[in-house]
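So the chains spell out like this:
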Amino acid sequence: PKYRYGVSGTTELKKNMHLLNHHVLGPVVVEGHGEQLPFSVITYNTKVSVPIRPSKMFFTMALSYLAGHTERNNFILGIIDMWLKAGHTIIATSDRTAQCEWFASKLKEMGHTAESYHAKKFKNTAQREELLERVRSGKTKAMLAMRSMVLGLDIPRATGFFNLLPTAHPENYFQEFCRVRTPFAENGMEKQHSWVIDFRDDNHILKACYKTRRKKYISENAACIQDDLSDENK
């Protein structure tokens, strides 16, 4: 439809649709200012070449290629394993259900508590809430989630966000990685910082996607960005 109505955290809409006005349907009762913790970014270069030519289907094919790339997945698996052993609770997002399931299965084999989070996983809302409560309580340390299901999640315990596949939508991505920037305290321990773990691949289009994400890290005042940009001239 040409016009859509609803509530959104952003005023910039996809598919070239724009707001008709910026008036508030009021009265204004509360003005919210959510506290967010400082965060740092660590980016890993997978060195995986994506041999797909630009086309209308480029992103669909590229994401499927990367999601099923065994060496890349194992590389990322090792990094997630390291962060979980260090005591972090992590949220990792993908655009492919099979990749969520693969990581959850492999992490379980390695002795971690991990669960996939996607629409096919649940028969009803109760099952969905039970999984989320396991993550919130610390019983599950790794949640491998579909990107489309992460927006709006409230999991304050999480300290690490892993971006498994490339994305280039700054507003949505901001809401994704902010899932780990929520303050949290328990038993005298207080979360002081959060981390975003991102992955770069060897393709000029996907490198441009990372530059878009990096600009968002900078605009959100990331405390530190550790990344390897030595291949930018390739």
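Look a little higher up for the structure.
Keep in mind that this is a model prediction, so the values were computed, not measured.

Draft legend 1. Focus on the sheet that holds strand β2 (residues 90-94). Reading across the sheet, the seven strands line up as β3-β4-β2-β5-β8-β1-β9 and stay open at both edges, with parallel pairing between neighbours. This sheet does not close on itself; its edge strands, each paired only once, are β3 (114-117) and β9 (224-226). Strand-to-strand twist of the sheet, defined as the mean angle between neighbouring strand axes without regard to direction, takes the value 20°. Note that β2 and strand β4 (residues 142-146) share five bridges and pair parallel. Note on β4: the bridge partner recorded for Ala 92 is Leu 144. Sheet strands in contact with helix α2 (residues 70-85) are β1 (39-49), β2, β4, β5 (160-163) and β8 (194-202), and its direction is about 155° off that of β1.

Draft legend 2. Representation of the pattern of salt bridges within the structure. By the definition in use, this model includes 12 salt bridges. Glu 176 serves as the salt-bridge partner of Arg 147, at 2.7 Å between the closest nitrogen and oxygen. On the criterion of sequence distance, the pair formed by Arg 147 in the loop between β4 and β5 and Glu 176 in helix α5 (residues 170-177) is long-range, its members being 29 residues apart. Assessed through its relative accessible area of 8%, Arg 147 is described here as buried. A residue is classified by how much of its surface remains accessible, and Glu 176, at 2% relative accessible area, is buried. The structure contains a network of salt bridges with shared partners spanning Asp 95, Arg 147 and Glu 176.

Draft legend 3. Local environment of the packing of aromatic side chains. Within this structure, the stated rule accounts for 15 aromatic pairs. By way of ring pairs, the aromatic residues Phe 39, Phe 161, Tyr 173, Phe 174, Phe 177 and Tyr 217 are connected into one cluster.

Draft legend 4. How the structure looks around unusual backbone geometry. Even without being glycine, Lys 47 reaches a positive phi, approximately 60°. Within the element layout of this structure, Lys 47 appears in strand β1. Backbone geometry places Asn 221, a non-glycine residue, at a positive phi of 60°. In this structure Asn 221 comes out as exposed when scored by relative accessible area, which is 65%.

Draft legend 5. Just the environment of Gln 36, in detail. Note on placement: Gln 36 falls in the segment before β1. Overall, Gln 36 belongs to the partly exposed group, its relative accessible area being 35%.

Thresholds, definitions, all that
- Per chain, residue numbering runs from 1 following the sequence as it is written.
- Given that this is a predicted model, residues contribute local features only at a pLDDT of at least 70 and side-chain atom pairs are listed and counted only at 80 or more, while totals for whole chains, interfaces and linings are drawn from all residues.
- Side-chain figures throughout are based on the complete set of non-hydrogen atoms in the structure, without hydrogens or water.
- At least two DSSP bridges between two strands are required for those strands to pair.
- A run of DSSP states H or I qualifies as a helix once it reaches four residues; a run of E qualifies as a strand once it reaches two. Both are numbered from the N-terminal end.
- Think of each axis as a best-fit line through the C-alpha atoms, taken over the contacting stretch in the case of a helix, with angles from 0 to 180 degrees between the N-to-C directions.
- We call two residues contacting when some pair of their heavy atoms lies within 4.5 Å.
- A carboxyl oxygen of Asp or Glu within 4 Å of a side-chain nitrogen of Lys or Arg is what we treat as a salt bridge.
- For the exposure calls, accessible area comes from a 1.4 Å probe over protein chains only, and a residue counts as buried if that area is under 20% of its type's maximum, exposed if over 50%, partly exposed in between.
- Between 30 and 60 degrees the pair is tilted, below 30 it is stacked and above 60 it is edge-to-face, where a pair is any two Phe, Tyr or Trp rings, Trp via its six-membered ring, whose centres lie within 6.5 Å.

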